[in-house]
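Descriptive analysis of the structure
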Amino acid sequence: MVCHSLAPFVVLVAALFLRQVQCSPVVFEKRGICAAEDPDTTFLSAIEHVKTDETQPTDAGSEARKGPIEIETWFHIITSSAERDQVSDDMIASQFSILQYAYENAAIRYRLRGVTRHVNDAWARNADDLGMKAALRKGTYQTLNVYFQTDLQASPGQAGREGRPEIPRTNDLSSSVLGFCTLPDPSVNASSPRADYIKDGCNVLANTMPGGSLDLYNRGGTAIHEIGHWNGLLHTFQGESCSADNPGDYIADTPQQSSPTDGCPARRDSCPHSPGLDPIHDFMDYSSDVCYESFTPGQNERMRNMWVSMRAGK
Ligand SMILES: [Zn+2]
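These lines cover the structure that appears in this document, whether it is placed above or below. A quick note: this is a predicted structure, and the numbers were derived from the prediction, not measured. (Residues numbered from 1 in each chain as written. Predicted model: local features only at pLDDT ≥ 70, side-chain atom pairs only at ≥ 80, totals over all residues.)

1. Examining the packing of helix α4 (residues 89–102) against helix α8 (residues 221–230)
Heads up, the condition is: Between N-to-C directions, angles cover 0 to 180 degrees, with each direction set by a line fitted to C-alpha atoms, over the stretch in contact for helices. Put simply, DSSP marks the helices as runs of H or I at least four residues long and the strands as runs of E at least two long, and each gets a number from the N terminus on. Small angles under 35 degrees read as roughly parallel and large ones over 145 as roughly antiparallel, with 65 to 115 read as roughly perpendicular and the rest as oblique. Helix crossings fall into two classes, left-handed where the near helix is turned counterclockwise from the far one by less than a right angle and right-handed where it is turned clockwise. For every residue pair, C-beta atoms are placed from the backbone, and the pair is scored as a contact if these atoms sit within 7 Å. Note on residue categories: nonpolar means Ala, Val, Leu, Ile, Met, Phe, Trp, Tyr, Cys or Pro, charged means Asp, Glu, Lys or Arg, and polar means any other residue, Gly included.
It is at 9 Å that the axes of α4 and α8 come closest, and there the two elements cross at 50 degrees. When the interaxial angle is binned, α4 and α8 end up oblique. The element α4 and its partner α8 pack so that their crossing is right-handed. On the side of α4, the interface is formed by Gln95, Ile98, Leu99 and Ala102, while α8 contributes Ala223, Ile224 and Ile227. By residue class, the composition of the contact of α4 with α8 is six nonpolar, one polar and no charged.

2. Some details on α4
Threshold: Multiply 1.5 Å by the residue count of a helix minus one, and that product is the helix's expected span. Each residue is classified by how many other C-beta atoms fall within 10 Å of its C-beta atom, where C-beta atoms are placed from the backbone; a count of 20 or more means buried, 12 or fewer means exposed, and values in between mean partly exposed.
Under the 1.5 Å per step criterion, the end-to-end length of α4 is 20 Å for 14 residues, consistent within 8% with the ideal 20 Å. Met91, Ser94, Gln95, Phe96, Ile98, Leu99 and Ala102 are the residues of α4 that are buried.

3. Observations regarding the sheet that holds strand β4 (residues 179–181)
Note the following rule: Two strands make a pair as long as DSSP finds a minimum of two bridges between them.
Taking strand neighbours across the sheet as the criterion, the five strands line up as β2-β1-β3-β5-β4 in an open arrangement whose pairing is mixed. This sheet does not close on itself; its edge strands, each paired only once, are β2 (108–119) and β4. Neighbour-to-neighbour, the strand axes of this sheet turn through a mean angle of 20 degrees, independent of strand direction. Two elements, β4 and strand β5 (residues 202–205), share three bridges in a ladder whose sense is antiparallel. Following the sheet pairing, Gly179 is matched in β5 by Val204.

4. A closer look at the nonpolar core
Stated precisely, the cut-off is as follows: We define the nonpolar core as any set of buried residues of the types Ala, Val, Leu, Ile, Met, Phe, Trp, Tyr and Cys, connected via C-beta atoms lying within 7 Å of each other.
Ranked by internal contacts, the top residues of the largest apolar core, which has 55 residues, are Leu99, Val146, Phe148, Ile224 and Ile227. Per-element tally for this core: the top contributor is α4, with five residues. When near neighbours in sequence (up to four residues on either side) are disregarded, Val146 contacts Phe75, His76, Gly201, Cys202, Val204 and Ala223.

Structure representation (C-alpha cells):
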C-alpha cells in the first residue's frame, strides 16, 4: 500500500497534548491562507523539465533519484514576549515525528540538526523576515529551515501573490496566516552566495504545531504542507480552473480541482467533468488537519526529482 493515513497518529499525538491545549476563541479557520508565492515562469519551466525527465526510461540519472534522501533540518522557534511559553519541547518533538511520518512513502527523511529559540516580538509577527533569516538561517541551500512564529502574519505582497486574501477571522489572530514557504529557485547553484537564498525556508504559525491552540489546524499538518512547497510541490488546485488548458500542479495522479477544500467534507468534486474526485486528503490541498492523509506517488516522485535537480549538493 503506497499511502497510509496520518489520522490515527495525529489523533494519538493530539491526545497526548490535550493538557496543553489552551482555550481559544477560534471557532472557524480556513487553510486558505497558505501564502506561498505563486510559481514564476522560471520555476514552471524547471518543473516542466523535471516532469519530462520523469517519463524517460531508467538511466544512471534516475537511479540516483531512487536512493534515500536525507534533508538536514533546523527548527527555529520564534515567540513574542507574551507567548514565550507557547511552544513546548514536546510540541517540537511531535511536530518533527509527524513530519517524518508524512514523508516516509517518499523515502525522504529529515535529520533535525538543532532547534533554536528566540523571544522577539517583531520576528514573532514576521515584521522583519529578512533580518530574522539573516540572523538565524543555518546550513546551505539544501538545508531546510523552518521558522515557527507565534504571531505570524503575511506581508500584503505575499497574500496578493497567493491571490487568496482571506485571513482567519478570529479575535486574537485577526491578521495571522497559517504559513508560507519558498519554492526551489532554479537560479541558485552550488556557488551561489548565502545572500541569494537567505529567505529560503518555511514560515509556520506556531500554534499549528501538535498540541497548539488553533482548532482544526493544530495537528502539525501546516508544516507538512509548507515543506511540500519547499520540496517543489504546488497546490492540488493550482490554477483554480477545470479548463483543459490549466496544467494544475503538473502532477499526473492528482485529479483536477478548481478550488481549495475547506474543512473535511465526505466527498468533493469541483471538476465533475474531469476524471476523479477532488484530492481532499492530500497534504497539498487546504483541508483541515484531520483530513490530511498523504501525498500521491506522483507527488512523492516529483519531490525526489526536484531535490536531485534543484537542491542536492547546493
Ligand atoms: Zn500552500
